[in-house]
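Each chain, letter by letter, is given below.
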Amino acid sequence: MVYRQTPIGLLLEYHNLYRLLDTFDKAQLLVGMCMDNRKHLHIPDNFAFIIRSGGANLRYSEFKVSYAIGVGQVSHIALIGHNNCGMVNLISRKEEFIDGLVMTAGWDKERAEEHFMHFAPMFEIGNETDFILSETKRLRLRYPKILIAPLIYLVDDNQLYFINED
Ligand SMILES: [Zn+2]
């Protein structure tokens, strides 16, 4: 297993196996994960930079990825998708999204609809595992010396799993 003895292997030991939390004075890796409220990681303080965005989509967070690498000096990324992600099939929640903005934020309906139609295609991920695999490939090309692992978080058992790349 290529990730053994790396910060990515450690991440799984802390989170899945409740390995005793070590002390760190600098970040060991970057974690990209969804904003979804059902998930949290069991990891030590100072262990990771974390970028949370819908679907663990880092396409619009590139400067922050570069910052974690360039300034934070991490050379590992754990990209963590999860099952039952809200960024899959966004169109099915179009009415809910629009009505919610109108009711809760005080937007007018037309503006809320425009907002949805403009951004939903950018943030739709299609399928959780396929998206994480394609995002992993994209990031490996962009940052060739960084070790990047595609992972999935199951909200049913709160465990992390490697996504098989074969
Ligand atoms: Zn999600």
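In short, a report on the structure.

Thresholds applied
Residues numbered from 1 in each chain as written. Predicted model: local features only at pLDDT ≥ 70, side-chain atom pairs only at ≥ 80, totals over all residues. Heavy atoms only, no water. Helix = DSSP H or I, 4+ residues; strand = E, 2+ residues; numbered from the N terminus. Expected span 1.5 Å × (residues − 1). Buried < 20%, exposed > 50% of the residue type's maximum accessible area, 1.4 Å probe, protein only. Arc of directions from axis to C-beta. Contact = heavy atoms within 4.5 Å. Donors = N, O, S within 2.8 Å, 3.2 Å for Na, K, Ca; no water.

## Looking at helix α5 (residues 128-142)
Helix length check: α5, at 15 residues, gives a terminal C-alpha distance of 21 Å against a target of 21 Å (1.5 Å per residue), a fit within 8%. Those residues of α5 that fall on the buried side of the exposure criterion are Glu128, Phe131, Ile132, Glu135, Thr136 and Leu139. Taken around the axis of α5, the buried residues stretch over an arc of 135°, which confines them to a single face. In this structure, α5 carries Lys137 and Leu141 as exposed residues pointing more than 90 degrees from its buried face. In this structure, the buried residues of α5 make contact with β3 (76-82) and β4 (147-154).

## Quick word on the coordination of the zinc ion
Around the zinc ion, the protein contributes the donor atoms Cys34 (SG), His82 (NE2) and Cys85 (SG), at 2.0 to 2.3 Å from the metal centre. Sequence spacing among the residues donating to the zinc ion works out to C-x47-H-x2-C. Remark: Cys85 occurs in the loop between β3 and α3 (94-105) and Cys34 occurs in the loop between β1 (29-33) and β2 (48-52); sequence separation between them is 51 residues. For the pair Cys34 and Cys85, a shared accessibility class is recorded, and that class is buried.

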